[in-house]
Amino acid sequence: MTNISKRKIVIIFTCFGIILNMILLSPQIAKYQIGNILNSIYWILCIVLISILFRRQHINKYFIYIFMLSSIYIIILLINSILWGNKIGFYDFAYIFIPLFIFYYGLNISDIICRDISTIADTFLFSCSLLIVSVYYNYYITGYSIESSVYAAGVAKNSIGPLIVVGLIFIISGLSTKFNRLFFIFFYISLVLLKSRTPLYSFTFFILPLYLFNKLWHTRKNITKNDIIKYIAILMFAIIAILYIDFDYILNTFFYGGRDKSNIDELTSGRWTSYVNFFYYINEGIICGNIDYYIDNFFMNSILHYGIFAATVLTLISFTPIMYSLEIYSFSKLGRAFFYINILFFITMFLEAGGNLIPGSRSYILWILFGILTTHRRYRIGEKQPIVYVSS
């Protein structure tokens, strides 16, 4: 099989995975709660595809490091099962190995797909746009009150929200060739309307300001008269918006999610109480875990479910792509996009239970890019110079 044929198969298979993930999150399908299982099956098939297409598979030090930590995690779970009778289910394995499989897939397709990142970004943005339309058709147009705290209830908004933010990051990073600033506005408004507050806060108060600061800093010596006029116009528009827009309504409806801002537990969707209760349950589960209590915090939830030792291993794995993104931030557009995506999931760790290890749903794009970038971290999208191979 020629490299051209392999390239087409890899692109089609990867784009199909992106579209499949969006379909499984649509309200019509998400209600059956089969997304994680089908996504897990798909990524296992990706490994089969790699073994068929390539006689020689690539691994590097990052794969070996994560694989060793994953093995330690499984050993700890087995010990906990033997000593304390903890139950081990499919999700406990998928939780750690599916991200590893996705990373391995990205690692091995990097040679072929490195010139087609824009195709991946365009497919992601197109399918995410359709997902957004399906969400609002089912929940907004059909009569849900936009002011309600349970707006879009039933939709997997905590998975859809991060995907919308990834789409916004692809747009501002210049990875897409088809989607422009109008789509940025569409995606951002959709994020606000979704009321998935963790992704909304992450993008609005951290990622976007960091992007704007970086852009202004690197272009400060090349600012033209037209740029100054544009910035003044934006500033004037912002001042007018502040004077005439009812910000209390916007804050209460979207950023507070229609909740009582004077009640910290309601405002945090019950997180405050669960954080307090963590210190009550920790005495029982710090070693072996197995505490049947859910907390929207990756670190606390991991300790209660798996014990301090397994939770430490999970934390080390989760921080691997985050630390790597700091190394490659300035290398390319894709490197910066990867860095912004890691900011999103780093913040998510403190406010959601899954962090960046959710099996193949909201964080799959992070692990694909991690695999690609650990092989070719210095290439520029669309440029003609030879790719620099990073040996491990």
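Reference entry: report on the structure contained in this document. (Residues numbered from 1 in each chain as written. Predicted model: local features only at pLDDT ≥ 70, side-chain atom pairs only at ≥ 80, totals over all residues. Heavy atoms only, no water.)

Our next topic: the pattern of salt bridges. A side chain with one charge may pair with a side chain of the opposite charge, provided their charged atoms come close. Under the defined criterion, the tally for this structure stands at three salt bridges. One salt bridge connects Asp116 with Arg7, and the closest N-O pair in it is separated by 2.7 Å. Pair noted here: Asp116 is in the loop between helix H5 (90-113) and helix H6 (117-139) and Arg7 is in helix H1 (residues 3-25), with a separation of 109 residues, a long-range link. For Arg7, a relative accessible area of 34% gives the class partly exposed. In this structure, Arg271 and Glu352 form a salt bridge, with 3.0 Å as the shortest nitrogen-oxygen distance. Residue Arg271 is located in helix H13 (residues 271-285), and its partner Glu352 is located in the loop between helix H15 (333-351) and helix H16 (364-373); the two are separated by 81 residues in the primary sequence. For the pair formed by Arg271 and Glu352, the shared burial category is buried. One network of salt bridges, with partners in common, ties together Arg271, Asp296 and Glu352. (Salt bridge = Lys/Arg side-chain N within 4 Å of Asp/Glu carboxyl O. Helix = DSSP H or I, 4+ residues; strand = E, 2+ residues; numbered from the N terminus. Buried < 20%, exposed > 50% of the residue type's maximum accessible area, 1.4 Å probe, protein only.)

What follows is about the packing of H5 against H16. The N-to-C vectors of H5 and H16 enclose an angle of 50°; their axes lie 6 Å apart at closest approach. Classified by the angle their axes make, H5 and H16 are oblique. You can see that H5 and H16 cross each other, and the crossing is right-handed. Across the interface between the two elements, Pro99, Ile102, Phe103, Gly106, Leu107, Ser110 and Ile113 of H5 pack against Tyr364, Trp367, Ile368, Phe370, Gly371 and Ile372 of H16. Here the contact of H5 with H16 is built from residues that sort into 10 nonpolar, three polar and no charged. (Axes fitted to C-alpha atoms, helices over the stretch in contact; angles between N-to-C directions. Parallel < 35°, antiparallel > 145°, perpendicular 65-115°, else oblique. Left-handed = near helix turned anticlockwise from the far one by under 90°. Contact = heavy atoms within 4.5 Å. Nonpolar A, V, L, I, M, F, W, Y, C, P; charged D, E, K, R; others polar.)

Phi angles above zero are rare outside glycine, and Asn290 is one such case at about 65°. In this structure, Asn290 sits in the loop between H13 and helix H14 (298-328). Its relative accessible area of 43% is what places Asn290 among the partly exposed residues.

Let's shift gears to the environment of Lys157. For Lys157, the position within the fold is in helix H7 (residues 157-172). Taking the relative accessible area as the measure of exposure, Lys157 reaches 18% and is therefore buried. Linking Lys157 and Val135, residues 22 residues apart in sequence, is a C-alpha distance of 9.1 Å.

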